[in-house]
Amino acid sequence: MCFRPAAVELDKKCPQCGAACKAAETVCPECGATLPAGPAMPGAPGAPGAPGAPKAPGAPAAPGAPKAPGK
């Protein structure tokens, strides 16, 4: 099964006037507003982090004083 979207839209939408702008544009050609960086991809998950090695165990504690039997 394929779970990818049917079409990928790389164009940006102007936050001021709603005009469709190309992904490489930084200023809206319609109203001159500054466009957000990168294509708008709502909800796109990031890449997972690399698995890490477990931490080294801590040093053992010093032995305590001997205790009398029964106490």
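I will try to describe carefully the structure that is included in this document. Each chain has its residues counted from 1, following the order in which its sequence is written. Only residues with pLDDT of at least 70 get local features here, since the model is predicted, and only at 80 or more are side-chain atom pairs given and counted; chain-wide, interface and lining totals rely on the full set of residues. In computing side-chain properties, one takes all heavy atoms of the structure into account and sets aside hydrogens as well as water.

## Some details on the overall build of the chain
A run of DSSP states H or I qualifies as a helix once it reaches four residues; a run of E qualifies as a strand once it reaches two. Both are numbered from the N-terminal end. Looking only at helices and strands, the chain features zero helices and two strands. Accessible area is worked out with a 1.4 Å probe on protein chains only. A residue is then buried under 20% of its type maximum, exposed over 50%, and partly exposed in between. Counting the 71 residues in the chain, one finds 10% classified as buried. Partitioning the contacts of the chain with sequence separation of at least 6, the portion at a separation of at least 24 is 12%. With the model as given, the accessible surface of the chain reaches about 6600 Å², and the carbon-plus-sulfur share is 61%. Working rule for contacts: check all heavy atoms of both residues, and any pair within 4.5 Å makes them a contact. Note on areas: Shrake-Rupley, 1.4 Å probe, and residue coverage restricted to the protein chains presented here.

## A look at the nonpolar core
Grouped together as the largest cluster of nonpolar side chains are six residues: Cys 14, Ala 19, Cys 21, Cys 28, Ala 33 and Leu 35. Dropping the residues within four chain positions of it, Cys 28 is found in contact with Cys 14, Cys 17, Ala 19, Cys 21, Ala 33 and Leu 35. Think of a nonpolar core as a cluster: buried Ala, Val, Leu, Ile, Met, Phe, Trp, Tyr and Cys residues, connected wherever their side-chain atoms sit within 4.5 Å.

Interpretation in functional terms is not warranted from these geometric data alone.
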